[in-house]
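Structural characterization, general
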Amino acid sequence: MSLSEQEIIRRDSMHALRLMGIDPYPAEGFEVTHTSTAILEQFPDNPEGFSAVRIAGRLMSKRIMGKASFAVIQDSVGTLQVYISRDDICDGEDKSMYNDVFKKHLDIGDFIGVSGFVFTTQTGTTTLHVKELTLLSKALRPLPIVKTDAEGNVHDAFTDPEQRYRMRYVDMVVNPQVKSVFIKRTQLMNSMREYLNAKGYLEVETPILQPIYGGAAARPFKTHHNALDTTLYLRIANELYLKRLIVGGFDGVYEFSKDFRNEGMSRFHNPEFTQIELYVAYKDYEWMMNLVEEMLEKVAIDVTGGTKVQVGEHLIDFKRPWKRFTMFEAIEHFTGVDISEMDEHALYKAAKEMKVHIDASTMGKGKIIDEIFGEKCEPYLIQPTFITDYPVEMSPLAKKHRHKEGLVERFEAIVNGKELLNSFSELNDPIDQRHRFEAQLELGKRGDEEAMVLDEDFLRALEFGMPPTAGLGIGIDRLTMIMTNSNSIQDVLFFPQMRPERS
RNA sequence: GAACCCGUAGCUCAGCUGGCUAGAGCAUAACACUUUUAAUGUUGGGGUCCUGGGUUCGAGUCCCAGCGGGUUCACCA
């Protein structure tokens, strides 16, 4: 490993500190009395009680003017200016603490702890006058230095997406606003937990390593268990396990599920992603629509402070009630064509006329309808909208519609032109479920790599009886993108998947 | 998988139709400076111009291939 000049200088500083008897990585903790923002908020109105303040954080800038200096310390919530004068931090005639330790051997990025009193400078900045300074941890690599001038212009921003995603720790240090996205992500999940717990539903955990993957149409990651000498798959969904729990007698269960799909990556797709799935017994999809509206309205308020959320150029309002269309209504609304009575041949012709890309050899009726909807309707549905009643071919785990032939009781919510969640009245007829699995097996034989596999144990569970149940899955990453106005899934994942770094 | 764009100092970037020893700001090193704030002033150091070929008297610049990244599309809930 070859070191840059600046890395060598910092290692030299570290050795020089050791020779002076200063441990660059001391073991003892540093007691903190305030955060930076607490001082900035409280001191101007209430200056008493700030005569012995201790804060700790990273040294982010040094401005040395002879025997006095200003520096900026960044802690977990913000930054605070500190004032350091030579004669205040040095004992008697020995000025090395200032001249050597602070001026020469402390670098931007080092963790320090300081104690002193708070005052206001001539230019009106709340500042900590340092009486004692302690090195807490030495940084051996230089941080990118981002500066903001008096007009608010940012200089030398750390913006290269690859570097930011690969070194998220650096990204968060120099772009502190990044942390707020992840704080909101956690608030969002907490908000859902509160809502669902208040309704009495149970948060559960189900297997990630599964001998038979199921619950979605996707290609899985495959792995091997040595002791059992058997193939296992990383889950693509947890749906079938949660339904087993409904069979077992729980009324409502949910899980924040890390799922894994071995497919392409994009602005909306990471190989591992998070969904919440919820199953409630004795309910149907109509009931679930009302729950979704209520829950997501609450989430928007909890995370953003209101029901209206700015996403790109759109202001999206999660206030109840949301618009509801059947899929056929939506297609008629956007294309002027009523396809509800068409057979496969007529559908094919209609799709052609709409210039929707169709592959007649592999696409059945349901798939064509889905394509038309995906191209002609979905991108234009910006405000939260429920789309209901999907073709049965696309939904092997959903119950057939109580009135409408060829459809299932299913809905999705489209927000900002993208599908955000998926729900249905769960199929609990074990005979019908077996037929649906068999139809999937046929698709698999014809080369559909995303066709579902038959899960004999799940069918056994259904044969013991599952009450009527409403199920729901929400993409947490995509919901977080909307609630934080993020353009890419990578911006809402701490560590998005990246190609391995070359060494 | 496809198209387009990008890769120059630790960071952000400039470098024209190919032409002296490859530049700036910040960072860094040295000196000065006890209320500054993108602190300032003076003086230094720092480069495999992504990699490998090719064209040329001469390549950071043009061509080809590769590697890495980005954007859009396709696939995909």
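See above for the structure.
We now turn to the structure provided with this report. Computed from a predicted structure; not experimentally measured.

In the region of RNA strand B, 44 residues are neighbours, and Ile-64, Thr-123, Ala-217, His-269 and Glu-419 sit closest. Close to the protein, within 4 Å, the atoms of RNA strand B are drawn from sugar and phosphate at a rate of 51%. Within the backbone of Lys-67, a nitrogen or oxygen atom sits 3.0 Å from a phosphate oxygen of RNA strand B. At 3.0 Å from a base oxygen of RNA strand B is found a side-chain nitrogen or oxygen belonging to Tyr-83. The set of elements that each furnish at least two residues to the surface near RNA strand B consists of helix H1 (5-19), strand S1 (53-65), strand S2 (68-74), strand S3 (79-85), strand S6 (147-148), helix H5 (161-166), strand S18 (407-415) and strand S19 (418-425). Tallied by class, the residues present in the surface near RNA strand B amount to eleven nonpolar, 13 polar and 20 charged.

Counted at 1.5 Å a residue, the expected span for helix H7 (residues 177-198) with its 22 residues is 32 Å, and the 32 Å between its end C-alpha atoms agrees. Looking only at H7, the buried set comprises Val-178, Val-181, Phe-182, Arg-185, Leu-188, Met-189, Ser-191, Met-192, Tyr-195 and Leu-196. Just downstream of H7, Gly-200 is the residue with a positive phi angle, here 90 degrees.

Glancing now at the packing of H7 against helix H15 (residues 476-483). Closest axis-to-axis distance for the H7/H15 pair is 10 Å, and the angle between their directions is 115 degrees. Regarding H7 and H15, the two cross each other, and that crossing is right-handed. For the pair H7 and H15, the contacting residues are Lys-184, Arg-185, Leu-188, Met-189 and Met-192 in the first and Ile-476, Asp-477, Leu-479, Thr-480 and Met-483 in the second. When its residues are assigned to classes, the contact of H7 with H15 shows six nonpolar, one polar and three charged.

Moving on to the pattern of salt bridges. Counting across every chain of the model gives 33 salt bridges. A salt bridge links Lys-95 to Asp-87; its shortest N-O distance comes to 3.0 Å. Taking the relative accessible area as the measure of exposure, Asp-87 reaches 47% and is therefore partly exposed. Of the charged contacts, one joins Arg-193 and Glu-203 as a salt bridge, the two residues approaching to 2.7 Å between their closest N and O atoms. Here the residue Arg-193 occupies a position in helix H7, and Glu-203 occupies one in strand S8 (residues 202-203), the gap between them amounting to ten residues. For Glu-203, a relative accessible area of 33% gives the class partly exposed. Among the charged side chains, a salt-bridge network with shared partners connects Lys-199, Glu-294, Glu-297 and Arg-320.

Pairing geometry for S18 and S19, over six bridges, is antiparallel. Across the sheet, residue Glu-412 finds its bridge partner in S19, namely Asn-422. Hairpin remark: S18 followed by S19, antiparallel, with two residues in the connecting loop; positive phi at Asn-416, about 55 degrees. Both S19 and strand S20 (residues 469-475) contribute to a ladder of five bridges, which runs antiparallel. Residue pairing across strands places Phe-424 opposite Gly-471, the latter belonging to S20.

With omega at -10 degrees, the peptide bond leading from Arg-320 into Pro-321 counts as cis. With respect to the helices, strands and loops of the structure, Pro-321 is situated in the loop between strand S15 (314-317) and strand S16 (323-326). The phi angle at Asp-389 is positive, at roughly 65 degrees, despite the residue not being glycine. Along the chain, Asp-389 turns up in strand S17 (residues 385-391). With a relative accessible area of 5%, Asp-389 lands in the buried category. Not every positive phi belongs to a glycine, and Asn-485 is a case in point at roughly 55 degrees. Turning to its location among the elements, Asn-485 is positioned in the segment after H15. A relative accessible area of 40% places Asn-485 in the partly exposed class.

Given two aromatic rings, one states the distance between the centres and the angle between the planes to describe the pair. Within the structure shown, the criterion is met by 15 aromatic pairs. Note on Phe-386 and Phe-411: the rings are 5.2 Å apart at their centroids and 90 degrees apart in plane angle, and the pair reads as edge-to-face. Placement of the pair is Phe-386 in strand S17 and Phe-411 in strand S18, with a sequence separation of 25 residues. With respect to class, Phe-386 is no different from Phe-411; both count as buried. One aromatic cluster in this structure is built from Tyr-285, Phe-318, Trp-322, Phe-386 and Phe-411. Of note, Arg-54 hangs over the ring of Phe-30, and the distance from its end group to the ring centre comes to 4.3 Å. In this arrangement the basic side chain of Arg-244 is found over the ring face of Tyr-241, its NZ or CZ atom lying 4.6 Å from the centre.

For an α-helix, 3.6 residues make a turn, and residues three or four places apart therefore share a direction. In a regular helix each residue adds 1.5 Å, so 15 residues correspond to 21 Å; H1 covers 21 Å between its end C-alpha atoms and thus fits that length. Looking at H1, one finds that the buried residues are Glu-7, Arg-10, Ser-13, Met-14 and Leu-17. Considered in projection along H1, the buried side chains sweep an arc of 115 degrees and stay on one side of the axis. Along H1, the residues that are exposed and aim more than 90 degrees away from the buried face are Glu-5 and Leu-19. Taken from the residues just after H1, Gly-21 is the one with a positive phi, measuring 85 degrees.

Looking now at the sheet that holds strand S5 (residues 126-137). Spatially, S1-S2-S3-S5-S4 is the arrangement adopted by the five strands of the closed barrel, whose pairing is mixed. This sheet shows a mean twist of 50 degrees between the axes of neighbouring strands, independent of strand direction. As judged from the ten bridges shared by strand S4 (residues 111-120) and S5, these two strands associate in the antiparallel manner. In the strand pairing of S5, Phe-119 is matched with Thr-127. On the sheet, helix H4 (residues 96-105) packs against S1, S2, S3 and S5 and is oriented at approximately 85 degrees with respect to S1.

The grouping of Glu-329, Glu-332, Asp-338 and Glu-341 at the surface amounts to a negative patch. A relative accessible area of 38% places Glu-332 in the partly exposed class.

The rules behind each value
Residues numbered from 1 in each chain as written. Chains lettered and ligands numbered in written order. Predicted model: local features only at pLDDT ≥ 70, side-chain atom pairs only at ≥ 80, totals over all residues. Heavy atoms only, no water. Near = heavy atom within 4 Å. Polar contact = N/O pair within 3.5 Å; in protein donor to acceptor, adjacent residues only side chain to side chain. Helix = DSSP H or I, 4+ residues; strand = E, 2+ residues; numbered from the N terminus. Nonpolar A, V, L, I, M, F, W, Y, C, P; charged D, E, K, R; others polar. Expected span 1.5 Å × (residues − 1). Buried < 20%, exposed > 50% of the residue type's maximum accessible area, 1.4 Å probe, protein only. Axes fitted to C-alpha atoms, helices over the stretch in contact; angles between N-to-C directions. Left-handed = near helix turned anticlockwise from the far one by under 90°. Contact = heavy atoms within 4.5 Å. Salt bridge = Lys/Arg side-chain N within 4 Å of Asp/Glu carboxyl O. Pairing = 2+ DSSP bridges. Phe/Tyr/Trp six-rings, centres within 6.5 Å; stacked < 30°, edge-to-face > 60°. Lys NZ or Arg CZ within 6 Å of the ring centre and 35° of its normal. Arc of directions from axis to C-beta. Patch = residues over 30% accessible without salt bridge, like charges linked within 9 Å, V, L, I, M, F, W, Y side chains within 5 Å. Areas by Shrake-Rupley, 256 points an atom, 1.4 Å probe, with all protein chains shown as cover. Lys, Arg positive; Asp, Glu negative; His and termini not counted. Charge placed at Lys NZ, Arg CZ, Asp CG, Glu CD.

By themselves, these are just geometric observations and shouldn't be taken as functional.
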